[in-house]
Amino acid sequence: MRNELFINGEWTLPAKRGTFDVINPATEEVIHHAPAGTAEDVDAAVRAARAAFDHGPWRRTTGRDRAVFLRSFARIIRERLDELSEMEVLDNGKPLPEAKWDIGDAAGCFEYYAGLAEELDTQPSEPVTLSDDRFTSKVVREPTGVAGAIIPWNYPLLMAAWKVAPALAAGCTMVLKPSELTPLTALELGAIAQEIGLPPGVLNIVTGLGPQAGQPLCDHPGVDKLAFTGSVPTGAKIMAAAARDIKNVSLELGGKSPFIVFEDSDIEQAVEWILFGIFWNQGQVCSATSRVLVARSIYPRLLDRLVEEARKIRIGDGMKEGTLLGPLVSKGQYEKVLAAIAQAEREGARIASGGARAQDMESGYFVEPTILVDVPLESSAWKEEIFGPVVCVRAFTSESEAVQLANDSPFGLAGAVMSKDERRAERVAAALRAGIVWINCSQPTFTEAPWGGYKHSGIGRELGRWGLDNYLETKQITRYVTDKPWAWYIK
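Chains are numbered independently. Their residues run from 1 in the order of the written sequence. This being a predicted model, a pLDDT of at least 70 is required before a residue's local features are given, and a value of 80 or more before pairs of side-chain atoms are given or counted; all residues contribute to the totals for chains, interfaces and linings. Values reported for side chains reflect all heavy atoms of the structure, with hydrogen atoms and water molecules removed beforehand.

K.L.:
Any chance you could explain the packing of helix H2 (residues 63-79) against helix H6 (residues 184-196) here in plain terms?
P.N.:
Think of two packed helices as two axes; the pair is described by the angle between the axes and how far apart they sit. All axes are obtained by fitting lines to C-alpha atoms, using only the stretch in contact for helices, and the reported angles, taken between N-to-C directions, cover 0 to 180 degrees. Secondary structure elements are defined from DSSP: runs of H or I of at least 4 residues count as helices, runs of E of at least 2 residues count as strands, and each element is numbered from the N terminus. Close contact between H2 and H6 brings their axes to 10 Å; oriented N to C, the two are set at 120°. It follows that H2 is oblique to H6 by the angle criterion. Two packed elements cross with a definite hand, and for H2 against H6 that hand is right-handed. Seen from H2, the contacting residues are Phe 69, Ser 72, Phe 73, Ile 76 and Ile 77; seen from H6, they are Leu 189, Ile 192, Ala 193, Glu 195 and Ile 196. All amino acids are sorted into three groups, where Ala, Val, Leu, Ile, Met, Phe, Trp, Tyr, Cys and Pro are nonpolar, Asp, Glu, Lys and Arg are charged, and the leftover types, Gly among them, are polar. Split by residue class, the contact of H2 with H6 holds 8 nonpolar, 1 polar and 1 charged. Any angle that is under 35 degrees is reported as roughly parallel, and any over 145 degrees as roughly antiparallel; angles of 65 to 115 degrees are reported as roughly perpendicular and all others as oblique. If you view the pair so one helix is near and one far, a crossing is left-handed when the near helix is turned anticlockwise from the far one by less than a right angle, and right-handed when it is turned clockwise. Whether two residues are in contact is decided by their heavy atoms: any pair within 4.5 Å suffices.

Spelled out as structure tokens, the structure:
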């Protein structure tokens, strides 16, 4: 485990020599003392990234050359998959099979953007047809510059890959600030960068607390672009900071995603996808389908099966074989989720299953898979993101009612619909006001497809070619091609 910051291609102690505790959420034990960067370290990292972009070779290299580095990142991540996965479990708490899936996806992300980097070489410019044949015009795409990335704790290495890979593919340089709750695997990207010979300053990693490290990164005038994944309140602060310098910004924020289950659905499949949509990663997923709307005719049967299967989910340390639900990431998150459940009860919801600390767990931040029913539409549990293993289930009578309830939210990240009627499923998918819609499933995420939301769920898209566009600027180059004088002033 690293106890230094990665700046300008070297490991360096924080300027103020501070550290913060990294806690295993399954045991509540301190497992590491991570380096606590501050404004001085952020400034050094931004200056290194600025020099690497303005004067270094990175943005002038071909996409093919950048792809070599990206594939090297992927190769080493795969070679270290077991080690990095175990580190992720210790840091975040998720079950080991989930962590291995995440780390594999992180490697795949680097491989995917290696391919897009190579494609940039084949598309150096795009001609533009003009209305005046005295001119020709073309459009070129260039790297945005120095990118500052702030990532969350729910998918530590994968969220880093979602930002680092497209930024480097585009020719940008970056300062990465991981969550203080889960800094371990993000720091390992520095070790990989050093091993593969990435030019100094191209990737810099500063760990630390939000006010001491995250805010200075947002405020730094040397940063051209800010990319953030996290909560709506923090996203709003980052957007305000970006506005002061008119920085390019992309935000992937919260959600309260609906899952509509129609009466012709297979109940067993519906229950499986509902469980996966809310209890995967302990419900700490921005796109979690935490509002389930079920056709009234099948509601009692589906709810009985949902409760029955939720109670079977094995809770425990993510390193133990068979664990399907690990601890929440921190004491603060644990207390927040339990408080949200208690508030839901006070506001009229009924707990059909779960609702408390997991039994027989002497330590760790474990919360039972929780199913809330009879949840008032005006209650905080129905409206606000809980970010834990808590799902609200309601019945609906008509398609129009289901769509209205689904869309009645300030969020618009994702949504799901289940029906054997393909035309209805497509119709409802089109009606949902969300950036991601799943039909007959919930949560599958692919590097090739765009990721992002409507309304309070964010600005811009990650993944796919849209993720690369986040780190590219569009430049028009127009040429006067005739020998005839312009003759506006000089006749």
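K.L.:
Help me understand the pairing of strand E13 (residues 291-295) in this model?
P.N.:
Note on strand geometry: in a regular strand, side chains alternate between the two faces of the sheet. Only protein chains enter the area calculation, which uses a 1.4 Å probe; residues under 20% of their type maximum are buried, those over 50% are exposed, and those in between are partly exposed. Within E13, 5 of the 5 residues are buried, which leaves the element mostly enclosed by the surrounding structure. Burial along E13 is two-sided: the face carrying Arg 291, Leu 293 and Ala 295 and the face carrying Val 292 and Val 294 are both buried. A pair of strands counts as paired when DSSP detects no fewer than two bridges linking them. In this structure, strand E12 (residues 258-261) lies alongside E13, joined through 4 bridges in parallel fashion. When the sheet's bridge partners are listed, Phe 259 is paired in E13 with Val 292. Regarding topology, helix H9 (residues 267-279) serves as the crossover connection from E12 to the parallel E13, and that connection is right-handed. Handedness rule for crossovers: strands pointing away from the viewer, path from the first strand over the helix to the second running clockwise, crossover right-handed.

K.L.:
Help me out: how do you make sense of the nonpolar core in this one?
P.N.:
A general trend in soluble globular proteins is that nonpolar side chains are found buried together. In plain words, nonpolar cores are sets of buried Ala, Val, Leu, Ile, Met, Phe, Trp, Tyr and Cys residues tied together by side-chain atoms within 4.5 Å. If you look at the biggest cluster of nonpolar residues, it comprises 125 residues, and the most contacted ones within it are Phe 73, Phe 110, Leu 176, Leu 189, Leu 198, Leu 203 and Ile 371. Not counting chain neighbours up to four residues away, the residues in contact with Leu 203 comprise Phe 6, Phe 73, Val 164, Met 174, Leu 176, Leu 189, Ala 193 and Leu 198.

K.L.:
What is the right way to read the packing of helix H1 (residues 39-54) against helix H7 (residues 210-219) from this model?
P.N.:
Running from N to C, H1 and H7 cross one another at 40°; their axes reach a closest spacing of 8 Å. The orientation of H1 relative to H7 falls into the category oblique. For H1 against H7, the interelement crossing comes out right-handed. Mapping the contact onto sequence places Ala 39, Val 42 and Val 46 in H1 and Gln 212, Ala 213, Pro 216 and Leu 217 in H7.

K.L.:
Can you help me understand the packing of aromatic side chains in this one?
P.N.:
Geometry of an aromatic ring pair is reported as the spacing of the ring centres plus the angle between the planes. Under the pairing criterion, centres of Phe, Tyr and Trp rings, with the six-membered ring standing for Trp, must be within 6.5 Å; the plane angle then separates stacked pairs below 30 degrees from edge-to-face pairs above 60, leaving the rest tilted. Summed over the entire model, instances satisfying the criterion amount to 15 aromatic pairs. Between Phe 276 and Trp 280, the ring centres sit 4.9 Å apart and the planes meet at 35°, which makes this aromatic pair tilted. A relative accessible area of 18% means that Trp 280 is categorised as buried. A ring pair is formed by Tyr 480 and Trp 486, whose centres lie 5.9 Å apart and whose planes are at 85°; its orientation type is edge-to-face. Look at Tyr 480 and you get partly exposed, because its relative accessible area is 32%. With a relative accessible area of 48%, Trp 486 lands in the partly exposed category. One aromatic cluster is present, formed by Trp 101, Trp 273, Phe 276 and Trp 280 through successive ring pairs. Placement of a charge over a ring requires the Lys NZ or Arg CZ to be within 6 Å of the ring centre, with the centre-to-atom vector within 35 degrees of the ring normal. Between Arg 394 and the ring centre of Trp 382, over which it is positioned, the NZ or CZ distance is 5.7 Å. Above the plane of the ring of Phe 262 lies Arg 424, whose end atom (NZ or CZ) is 4.1 Å from the centre.

K.L.:
Got a minute to help me understand the pattern of salt bridges in this structure?
P.N.:
Should the charged atoms of two oppositely charged side chains come close, the side chains can pair. We count a salt bridge whenever a side-chain nitrogen from Lys or Arg sits within 4 Å of a carboxyl oxygen from Asp or Glu. On inspection of all chains with the given rule, the structure shows 27 salt bridges. One salt bridge in this structure joins Glu 462 and Lys 163, with 2.8 Å as the shortest N-O distance. Remark: Lys 163 occurs in helix H5 (residues 156-170) and Glu 462 occurs in the loop between strand E21 (458-459) and helix H15 (464-469); sequence separation between them is 299 residues. Of the two residues examined, Glu 462 and Lys 163, each falls in the buried class. Across the pair Asp 219 and Arg 244 runs a salt bridge whose closest N-O atoms are separated by 2.6 Å. Taken together, the residues span a long stretch of sequence, with Asp 219 in helix H7 and Arg 244 in helix H8 (residues 232-245) at a distance of 25 residues.

This is a description of form; function is not addressed.
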